[in-house]
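Analysis of the macromolecular model
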Amino acid sequence: MKIHLLAVGTRMPDWIKAGYADYAGRLTRDCALNLIEIPAGQRGGNPDLARLIRAEGERLLAAVPAHSRLIALDERGQQWNTAELAAQLSGWLREGGDVSLLIGGPDGLDSACRDRAAQRWSLSRLTLPHPLVRVVVAEQLYRAWSLLHHHPYHRA
């Protein structure tokens, strides 16, 4: 199974790249994490945010690999604790198909992405900067994987 992390934004700070790469690199081939970066819309003086968000959503959906289970990262989604995320991951692994996680840009995720998603996942009730979400998702997926494989990383 591959987990595709589709995220709006292409120019991330080095610490974001390093954090993501560290946790993604810890996952094994049976649960590989693949980052797909989607260019953000131009945000100049007085941008039409609705149009920008819609265009970013269209680019996200166009980049989703075929036959992939779609999950939107959304503040209004379901929050999972570590054991619940591990159970989700176990289910995805059993199903055998790929999973695509969608992360919106600085102004959020288009409603079309949320509507097409099989699930909505909220990392927190807090608003997190979209670059940081990449690192948090990668770490939490690794933590869930480690729990499923009785690896000592998760010590709860």
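Described below are features of the structure shown in this document. Residue indices follow the written sequence of each chain, beginning from 1 at its first position. Given that the model is predicted, a residue must reach a pLDDT of at least 70 before its local features are reported, and side-chain atom pairs must reach 80 or more before they are shown or counted; all residues, however, enter totals for whole chains, interfaces and linings. Hydrogens and water are ignored here; the side-chain numbers use all heavy atoms of the structure.

A few words now on the nonpolar core. In plain words, nonpolar cores are sets of buried Ala, Val, Leu, Ile, Met, Phe, Trp, Tyr and Cys residues tied together by side-chain atoms within 4.5 Å. Summary of the burial criterion: residues with accessible area below 20% of their type's maximum are buried, those above 50% are exposed, and those between are partly exposed, where the area comes from a 1.4 Å probe applied to protein chains only. Grouped together as the largest cluster of nonpolar side chains are 29 residues, with contacts concentrated most on Ile 3, Leu 33 and Leu 101. Only DSSP runs of H or I reaching four residues or more are called helices, and only runs of E reaching two or more are called strands; each is numbered from the N terminus. Listing elements by their share of this core, those giving two or more residues are strand E1 (2–8), helix H1 (14–26), strand E3 (69–79), helix H3 (82–95), strand E4 (99–103) and helix H5 (130–148). For this core, the element with the highest residue contribution is H5, accounting for seven residues. In what follows, residue pairs with any heavy atoms lying within 4.5 Å of each other are defined as contacts. The residues contacting Leu 33, other than those within four sequence positions of it, are Ile 3, Leu 5, Tyr 20, Ala 24, Leu 27, Ala 138 and Leu 141. Residues Val 8, Ile 38, Leu 70 and Ala 72 belong to the second largest nonpolar core, which totals 12 residues.

Moving on, we come to the pairing of E4. Most of E4 sits out of view: five of its five residues are buried. Residues Val 99, Leu 101 and Ile 103 line one face of E4 and the alternating positions Ser 100 and Leu 102 line the opposite face, and both faces are buried. In the sheet, E1 pairs with E4 via five bridges, with the strands oriented parallel. Each bridged residue has a counterpart across the sheet, and for Leu 6 the counterpart in E4 is Leu 102. Where E3 and E4 come together, four bridges link them in parallel fashion. Directly across from Leu 70, in E4, lies its bridge partner Ser 100. Handedness of the crossover is the feature at issue here: the chain leaves E3, passes through H3, returns alongside E4, and the resulting connection is right-handed. Being paired, for any two strands, means DSSP has found at least two bridges between them. Every crossover in which the path from the first strand over the helix to the second runs clockwise, viewed with the strands pointing away from the viewer, is termed right-handed.

Attention shifts here to the pattern of salt bridges. Here the idea is simple: oppositely charged side chains can pair when their charged atoms come close. Any Lys or Arg side-chain nitrogen located within 4 Å of an Asp or Glu carboxyl oxygen qualifies as a salt bridge. For the structure on display, the rule yields nine salt bridges. Note that Arg 26 and Asp 22 form a salt bridge whose closest N and O atoms lie 3.1 Å from each other. In this pair, Arg 26 and Asp 22 both sit in helix H1, four residues apart, roughly one turn of the helix. Between Arg 43 and Asp 107 there is a salt bridge, and its shortest N-O distance comes to 2.6 Å. Within this pair, whereas Arg 43 is found in the loop between strand E2 (32–38) and helix H2 (49–63), its partner Asp 107 is found in the loop between E4 and helix H4 (111–116), the two being separated by 64 residues in sequence. What makes Asp 107 partly exposed here is its relative accessible area of 33%. In the salt-bridge network here, residues are joined through shared partners; they are Asp 74, Glu 75, Arg 76, Asp 115 and Arg 120.

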